[in-house]
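Here is what each chain is made of, one letter per residue.
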Amino acid sequence: MEFSRLSILALFCLVFVRIGASPLSAEDYWQSVWPNTPLPKAFSDLLLPYGRTHSLPIRAEEINQYSTLFFEHDLYPGKKITLGNSQSLGKIVRPFTKPTQGVTDSIWLTNKKRQSLDDFCASPTATGEHKHCVSSLESMVDHVISHFGTTKIKAISSTFGQNQDQYVVEEVKRVGDNAVMCHRLNFEKVVFNCHQVQATTAYVVSLVAPDGTKAKALTVCHHDTRGMNHELLYEALKVDPGTVPICHFIGNKAAAWVPNFSDDHLCAI
Ligand SMILES: *[C@@H]1O[C@H](CO)[C@@H](O)[C@H](O)[C@H]1NC(C)=O
């Protein structure tokens, strides 16, 4: 008798709590998986109310960050890097920036044609990788956790200041190979594409401008450049596709997911 009365009370409380609880917000969901880890700014568009019309994610001043191509062997302290240093590269890149998926994608030959969002998400990438389009923070989090099979992962992104195009490399940190990149697609609707980029190495490059402004640039170097746009590579660096590794910066609306090797992880070995 006592037991059933208690269980009825428990059931009542449970129903009451369920009705009373508000749904977990996207930010709460992030915090429940990675407590005390702030949501990277790169993903903040995923917190915008659903269904609103948003501007395109890539602003004009960011195009120079995206369209700068350079060699992997140029990543060393003291090296000068000028963003958007090729006028002709800019001319080639700009026509493809709206409304296709992004500027860096225009270095791949097969991505030159314009596509709708649904067509883009349904079609294979130039390099035959699997695309995973997500339109919520929760589905991105679930996707990357299932990809790595652990929550011991972290997102790394760039912090570029505005109006700076001359930099000197201060430090180069290797982040890892074949990172999972999640980048906002260049459509008004907020959708991110998360894909593992094969034959790549990611770096975090610390940069300093002549006035002391610092930037941290997430950088991806492609070791397999066979599918790249010949005209664009030749204009920028005077090399042919499939010859040397080519690197580019990752803009403010993208991040690389990599394993988070913490201290206790190292101690356990
Ligand atoms: C990485 O792991 C360490 C140790 O578990 C943790 O303190 C840190 O917050 C994690 N970093 C991120 C960005 O999740």
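One structure accompanies this document, and this report is about it. All of these numbers come straight from a predicted model, not from anything done at the bench.

1. Digging into the overall build of the protein
Summing up its helical and strand segments, the protein has eight helices and eleven strands in all. Burial status across the protein gives 44% buried among its 269 residues. Across the protein, contacts joining residues at least 24 apart in sequence account for 72% of those joining residues at least 6 apart.

2. Side note on the packing of aromatic side chains
One pass over the full model with this rule turns up eight aromatic pairs. Their ring planes at 55 degrees and their centres at 4.8 Å tell us that Trp30 and Trp34 sit as a pair that is tilted. A relative accessible area of 2% means that Trp30 is categorised as buried. Through a chain of ring-to-ring contacts, three or more aromatic side chains come together here, namely Trp30, Trp34, Phe43, Phe192 and Trp257.

3. Focus on the nonpolar core
In this structure, Trp30, Phe43, Leu137, Met140, Cys182 and Trp257 are the most contacted members of the largest nonpolar core, which totals 20 residues. Secondary-structure elements contributing two or more residues to this core are helix H2 (26-33), helix H6 (137-148), strand S6 (180-184), strand S7 (192-196) and strand S11 (254-259). Residues in contact with Trp30, not counting those within four places in the same chain, are Thr37, Pro38, Leu39, Pro40, Phe43, Leu137, Val141 and Trp257.

4. Description of the pattern of salt bridges
Taken as a whole, this structure holds six salt bridges when the rule is applied. Between Arg226 and Asp224 there is a salt bridge; the shortest N-O distance is 2.8 Å. Residue Asp224 is classed as partly exposed on the basis of its relative accessible area, which comes to 30%. Three or more residues joined by partner-sharing salt bridges are found here, namely Asp45, Arg184 and Lys253.

Cut-offs used in this document
Residues numbered from 1 in each chain as written. Predicted model: local features only at pLDDT ≥ 70, side-chain atom pairs only at ≥ 80, totals over all residues. Heavy atoms only, no water. Helix = DSSP H or I, 4+ residues; strand = E, 2+ residues; numbered from the N terminus. Buried < 20%, exposed > 50% of the residue type's maximum accessible area, 1.4 Å probe, protein only. Contact = heavy atoms within 4.5 Å. Phe/Tyr/Trp six-rings, centres within 6.5 Å; stacked < 30°, edge-to-face > 60°. Core = buried A, V, L, I, M, F, W, Y, C linked by side-chain atoms within 4.5 Å. Salt bridge = Lys/Arg side-chain N within 4 Å of Asp/Glu carboxyl O.

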